[in-house]
Amino acid sequence: MSTNTSLTDLMGIEHNKLNFFQELQKNIEELTTINLQSEDQRREIAAILDGVTDVMMVLSEKLEIISVNHVFEELFPGVNPIGKTCYSLFRNVERACPECPAFRALSTNSVCKETAIFRIDGRNLQFDMVASPLKNPDLTENRILIFKRDVTLEKEYQAKFYQAEKMATIGVLAAGVAHEINNPMAAVAGFAEGIQRRLARLDESVPEDLADDLHDYTDTILKECLRCQEIVKTLLSFSRPIAADFLPVDINQVAKDTLRLLDHQLKKNNSIKLTTELITPIQHVHGDEAQLKQVILNLMTNAVDAVGDSGEIKVQTFIEGDNVGLRVFDSGCGIPPENIDLLFEPFFTTKSVGHGIGIGLSTCYNIVSDHNGEIVVDSNPGKGSCFTVLLPIK
Amino acid sequence: MQITKFAIPEVIFGNGSIKFLASCALRLGAKRVFLVSDKGLESCGWVKQVIDLLKDAKLECIYFNDLTANPRDTQVHRGAELYLEHNADVIIGLGGGSPIDAAKGIATIVSNGGKVSDYEGANRISHPLPPMIFIPTTAGSGSDVSQYAIISDKEREVKMAIISRSLVPNISIIDPDLLVTKSRKLILASGVDALAHAIESYISRLASPFTEPQALNAIKLIAENLEAAANRKDPEALTQLAIASTAAGMSFSNAGLGVGHALAHALGGRYDVMHGMALPILLPSVMRFNIPSCKGKIATIARTINGASLCSIDEQAEQVCDTLQKMFEDLGIPMRLRDLVPNETDLEEICKVAINDACAVPNPREANWQDLLGICKEAW
């Protein structure tokens, strides 16, 4: 109170007219501290975001890109995506993809997932997409956060794994079937031979034409038994584990064995005419018989699918320079030119859902590549296609 | 020599200088000005002129006039509410001591919060005040340059002295043209107040080489011009009074006052008497009481008023008290304390309040309440 006021107080040498400079200084100090804190937070968040290995994009309601992370830049090097639409970059189309999860995410206000295949830089890449709505009362417009994870490799491995597993199952089945069939066949063949041996003793006591018939029948029984055993053997070899050693292989034999497996399917449909032109003699190639059988099987399956109800399929082997070649012609629907480049990409398929996942030709391509060979396609839409496999002679 | 301090605001002085008001406000960052004045100045037309000046500069103006002479804490609090409600940014005080002190109180409350009584005494303001521009319309209070604000606490019946360097405004615009509309009584009261500021601060224990010439200059100018200004409203005399008042303000703001102002505040708090009417009654007795402590200085005051003298220092000092008494009487100012205070028995209580007034601190002669009672009795 004023009772305590002293002369020094009245002089107030240590008291200034307070001005806002001090307050400003204090505010600036506080702001600097807060700024440092938020900068630290920003860096931490940036470090976390940099650790994300998925493509991350923030999109406007019109799917215009507002921001992207560094993974995007790796996927589209040298592209400034800001302001461009998602679909123009990923699909090179004019309007949004109907299956886009962004719209669903916004309308349902929930996280939505979708899988899609985009062709980027000449490769088909499969992405798992997760879209989350970013609804913020401070923003005039809603936004969408989209993660795109490249799952191409995983899907390829998965497909290969299924294929391998399928083959392994066939292998087990075939081994069982072989055992169950070979034994009765051995008995049938043994008894047929027994009949033949005894027929010599009967030759004098039965009429000649009857003896000829019996010879003929038992020969047929034996021949068919052998054929059964051959089929079983083929089945076994076909289903052998994939990672087999490369051995000398007769491509004619491989073709014959594979076609035998398809006999039934082709015979069922009489209107498909199959011709084979196998050149002899033919050099051996170095390879894995089972894998090469799979190549021919895939090519044949495609050919059968392509010709549909009626048409022609021709299988040809030939020698061209240092290569042994195998050609599969079909008089089917052909391949549109725009699809030619995509044929050997994994997951590319024109078949409807449930009839193929687009792995067949890509598997062929991989197998032929492993054999240092090449596979080429020539097609006339509406008239047919021709797949040629060239394998080096060793 | 003791270490001293001298602080004054930017002063713009001269006839017609009020025209710089808007540009001053703009330079201080004004968008919405809070103008404090009173009804007396409205009737003279000065308030309208100020508002027009601000309007021409596209400044919004919030006007506050709910004030009495000897402004009250409750009025200050209302003003502060209005200021905050309108989000004003610069305070302009237009008037005598009352509106300017009220403006200081409002500035204090809007930035520091609380009540006026929280800041009673010296150096209690801890946050910067909004920018302030003061335009005095009386030549007396010196509030437009000082670090003092006097606000009445009606409940305790005292005048609170708030002393802080933050109460020194940013700019004081002193335009002597504004003085011509004042009544004779108001010119006299203000002039005597300024004279008391000059005399008390000159003999104050805090007087410094920077305040003393200002005080003596003020004493000389008031002695020479008060009569002409009051009786004839001579414009030149009024201008000299305005200079004197400002000089006295510079002096007392830095050197402090004495028991005369302490007693005047106590009387004003109790009876709401006009500050300028209590001072002439008390001043001769106060000076006489102080002679033993500052004979030489009082003699200097005597020579400043009366010119060179062959008398001894003692005689000169003694004479000046009579000179002042006669000067005030000649101007027709009531010179007996009984004219203001209804009851002599109240004096004791008044003196006990006055002795606690911060203004009493730098008085040259130590005084207790009995000494003050002696001064009052002498003036009764």
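Computed from a predicted structure; not experimentally measured.

Undergrad: Could you give an account of the overall build of chain A, naming the residues involved and the relevant values?
TA: The secondary structure content of chain A amounts to eleven helices and twelve strands. Looking at chain A as a whole, 37% of its 394 residues are labelled buried. Summarising the internal contacts of chain A: among those between residues at least 6 apart in sequence, 60% fall at separations of at least 24. Of the accessible surface of chain A, which amounts to about 23500 Å², a share of 55% is contributed by carbon and sulfur atoms.

Undergrad: Let's hear about a nonpolar patch on the surface: which residues, and what values?
TA: Residues and elements named next belong to chain B. Taken together, the side chains of Phe6, Ile8, Val11, Phe13 and Phe210 make up a nonpolar region of the molecular surface, amounting to roughly 390 Å² of accessible area. Its place among the elements puts isoleucine 8 in the segment before strand 1 (10–13). On the accessibility criterion, isoleucine 8 (34% relative accessible area) is partly exposed.

Undergrad: So what about the interface of chain B and chain A? Which residues, and what values?
TA: Between chain B and chain A, the residue contacts involve 31 residues of the former and 18 residues of the latter. A buried area of about 2200 Å², summed over both sides, lies between chain B and chain A, and 60% of it is on carbon and sulfur atoms. It is Asn123(B), Pro128(B) and Leu206(B) in chain B that bury the most area against chain A; as a group they hold 25% of the surface buried on that side. On inspection of chain B and its partner chain A, the count reaches seven residue pairs in polar contact (both at pLDDT 80 or more). Class assignment of the residues belonging to the side of chain B that touches chain A gives a composition of 15 nonpolar, ten polar and six charged.

Undergrad: Go over the side chain of Lys148(A) with me, naming the residues and quoting the values.
TA: Residue and element names in this part refer to chain A. Its place among the elements puts lysine 148 in strand 5 (residues 143–150). In this structure, lysine 148 is buried with no salt-bridge partner, the nearest side chain bearing the opposite charge being glutamate 99 at 9.3 Å. Excluding its chain neighbours within four sequence positions, the residues that come into contact with lysine 148 are Asp54, Val55, Met57, Cys86, Phe90, Phe118, Phe127, Asp128 and Met129.

Undergrad: Explain the nonpolar core to me, and be specific about the residues and the numbers.
TA: If you look at the biggest cluster of nonpolar residues, it comprises 74 residues, and the most contacted ones within it are Leu263(B), Met287(B), Ile301(B), Phe328(B) and Leu337(B). A per-element tally of this core places helix 6 (residues 184–203) of chain B first, with eleven residues. Among the nonpolar cores identified, the runner-up in size contains 38 residues, and Ile251(A), Val315(A), Cys364(A) and Val377(A) belong to it.

Undergrad: Talk me through the pairing of strand 12 (residues 384–392) of chain A; I want residue IDs and the actual numbers.
TA: All names here are of chain A. Most of strand 12 sits out of view: eight of its nine residues are buried. Note that strand 10 (residues 323–330) and strand 12 share eight bridges and pair antiparallel. Of the residues in strand 12, the one forming a bridge with leucine 326 is valine 389. Sheet topology note: the strand 11 (residues 374–380)/strand 12 ladder contains seven bridges and is antiparallel. Considered in strand 12, the bridge of aspartate 378 is made with cysteine 386. A loop of three residues connects strand 11 with strand 12, the two strands running antiparallel in sequence, and glycine 382 in this loop sits at a positive phi of about 90°.

Undergrad: Before we move on, could you go through the sheet that holds strand 5 (residues 121–122) of chain B and cite the residues and values that matter?
TA: Strands belonging to one sheet form pairs held by backbone hydrogen bonds; the direction of such a pair is parallel or antiparallel. Residue and element names in this part refer to chain B. With respect to topology, three strands assemble into an open sheet ordered 5-8-7, the strand pairing being mixed. The outermost strands of the open sheet, each flanked by one partner alone, are strand 5 and strand 7 (148–153). Pairing of strand 7 with strand 8 (residues 158–163) involves six bridges; the strand directions are antiparallel. When the bridges of strand 8 are listed, isoleucine 150 appears paired with alanine 161.

What counts, and where the lines are drawn
Residues numbered from 1 in each chain as written. Chains lettered and ligands numbered in written order. Predicted model: local features only at pLDDT ≥ 70, side-chain atom pairs only at ≥ 80, totals over all residues. Heavy atoms only, no water. Helix = DSSP H or I, 4+ residues; strand = E, 2+ residues; numbered from the N terminus. Buried < 20%, exposed > 50% of the residue type's maximum accessible area, 1.4 Å probe, protein only. Contact = heavy atoms within 4.5 Å. Areas by Shrake-Rupley, 256 points an atom, 1.4 Å probe, with all protein chains shown as cover. Patch = residues over 30% accessible without salt bridge, like charges linked within 9 Å, V, L, I, M, F, W, Y side chains within 5 Å. Salt bridge = Lys/Arg side-chain N within 4 Å of Asp/Glu carboxyl O. Buried area = accessible area lost by both parts, 1.4 Å probe. Polar contact = N/O pair within 3.5 Å; in protein donor to acceptor, adjacent residues only side chain to side chain. Nonpolar A, V, L, I, M, F, W, Y, C, P; charged D, E, K, R; others polar. Lys, Arg positive; Asp, Glu negative; His and termini not counted. Core = buried A, V, L, I, M, F, W, Y, C linked by side-chain atoms within 4.5 Å. Pairing = 2+ DSSP bridges.

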